[in-house]
Amino acid sequence: MEIPKEQMLYCKKCNTHTEMKLKAFKPGKARTMAWGTRKNKRSQKDGYGGKAQFNAIVKKQTKKPTFVAECSVCSSKRYIVIGKRMKKAELSTA
Ligand SMILES: [Zn+2]
């Protein structure tokens, strides 16, 4: 699906709709010492008789496309999540 690169979206700072430029969102690296990461690691370790418990992980085939929108007036950024799963989401060049 093609998504327009420039959209009129609501800006919190300007309190109106402004023209916003969309960019692809890249998630950052997971912190190894974060509480959730340590908890997940701990839960995989323990089990009956030292045998690790592993639940079958079924990964979803698609992702909800996420973008970073930048305001053209005040250049503040916010996330745009399209609430529909799709295999491919491209920003249209036009
Ligand atoms: Zn703004």
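Right, let's walk through the structure included here. The model shown is predicted, which means the values in this text are computed figures rather than measured ones.

## Thoughts on the packing of aromatic side chains
Logical step 1: Counted by the stated rule, this structure contains one aromatic pair.
Logical step 2: An angle of 80 degrees between the planes, with centres 5.3 Å apart, marks the rings of Phe25 and Tyr79 as edge-to-face. With Phe25 in the loop between β3 (16-24) and α1 (35-45) and Tyr79 in strand β5 (residues 77-81), this pair connects stretches of sequence that are 54 residues apart.
Logical step 3: For Tyr79, a relative accessible area of 55% gives the class exposed.

## Notes on the side chain of Thr18
Logical step 1: Looking at the element boundaries, Thr18 is found in strand β3.
Logical step 2: Judged by its relative accessible area of 8%, Thr18 falls in the buried class.

## What to know about the sheet that holds β3
Logical step 1: Taken in spatial order, the four strands make up an open sheet running β2-β3-β4-β5, and their pairing is antiparallel. Of all strands in the sheet, those bounded by a partner on one side alone are β2 (6-11) and β5. Averaged over neighbouring strand pairs, the angle between their axes works out to 45 degrees when direction is ignored.
Logical step 2: Summarising the sheet, β3 and strand β4 (residues 66-71) pair through five bridges and their orientation is antiparallel.

## Re the coordination of the zinc ion
Around a metal, the perfect tetrahedron of four donors has angles of 109.5 degrees, and the perfect octahedron of six donors has angles of 90 or 180 degrees.
Logical step 1: The protein atoms that coordinate the zinc ion are Cys11 (SG), Cys14 (SG), Cys71 (SG) and Cys74 (SG), at distances of 2.2 to 2.4 Å.
Logical step 2: Geometry at the zinc ion is tetrahedral, judged from the four donor atoms that bind it and their angles of 104 to 121 degrees at the metal.
Logical step 3: Binding-site remark: the zinc ion is held by donors from one chain whose sequence spacing is C-x2-C-x56-C-x2-C.
Logical step 4: A relative accessible area of 3% places Cys71 in the buried class.
Logical step 5: For Cys74, a relative accessible area of 24% puts it in the partly exposed group.

## Details of a positive patch on the surface
Logical step 1: A grouping of Lys5, Lys21, Lys23 and Lys77 is seen on the molecular surface, where their side chains present a positively charged patch.
Logical step 2: Along the chain, Lys21 turns up in strand β3.
Logical step 3: Among the residues examined, Lys21 registers a relative accessible area of 53% and is labelled exposed.

Rules used throughout
- Residues numbered from 1 in each chain as written.
- Predicted model: local features only at pLDDT ≥ 70, side-chain atom pairs only at ≥ 80, totals over all residues.
- Heavy atoms only, no water.
- Phe/Tyr/Trp six-rings, centres within 6.5 Å; stacked < 30°, edge-to-face > 60°.
- Helix = DSSP H or I, 4+ residues; strand = E, 2+ residues; numbered from the N terminus.
- Buried < 20%, exposed > 50% of the residue type's maximum accessible area, 1.4 Å probe, protein only.
- Pairing = 2+ DSSP bridges.
- Axes fitted to C-alpha atoms, helices over the stretch in contact; angles between N-to-C directions.
- Donors = N, O, S within 2.8 Å, 3.2 Å for Na, K, Ca; no water.
- Tetrahedral: all angles 85-135°; square planar, octahedral: opposite > 155°, others 65-115°.
- Patch = residues over 30% accessible without salt bridge, like charges linked within 9 Å, V, L, I, M, F, W, Y side chains within 5 Å.
- Areas by Shrake-Rupley, 256 points an atom, 1.4 Å probe, with all protein chains shown as cover.
- Salt bridge = Lys/Arg side-chain N within 4 Å of Asp/Glu carboxyl O.
- Lys, Arg positive; Asp, Glu negative; His and termini not counted.
- Charge placed at Lys NZ, Arg CZ, Asp CG, Glu CD.

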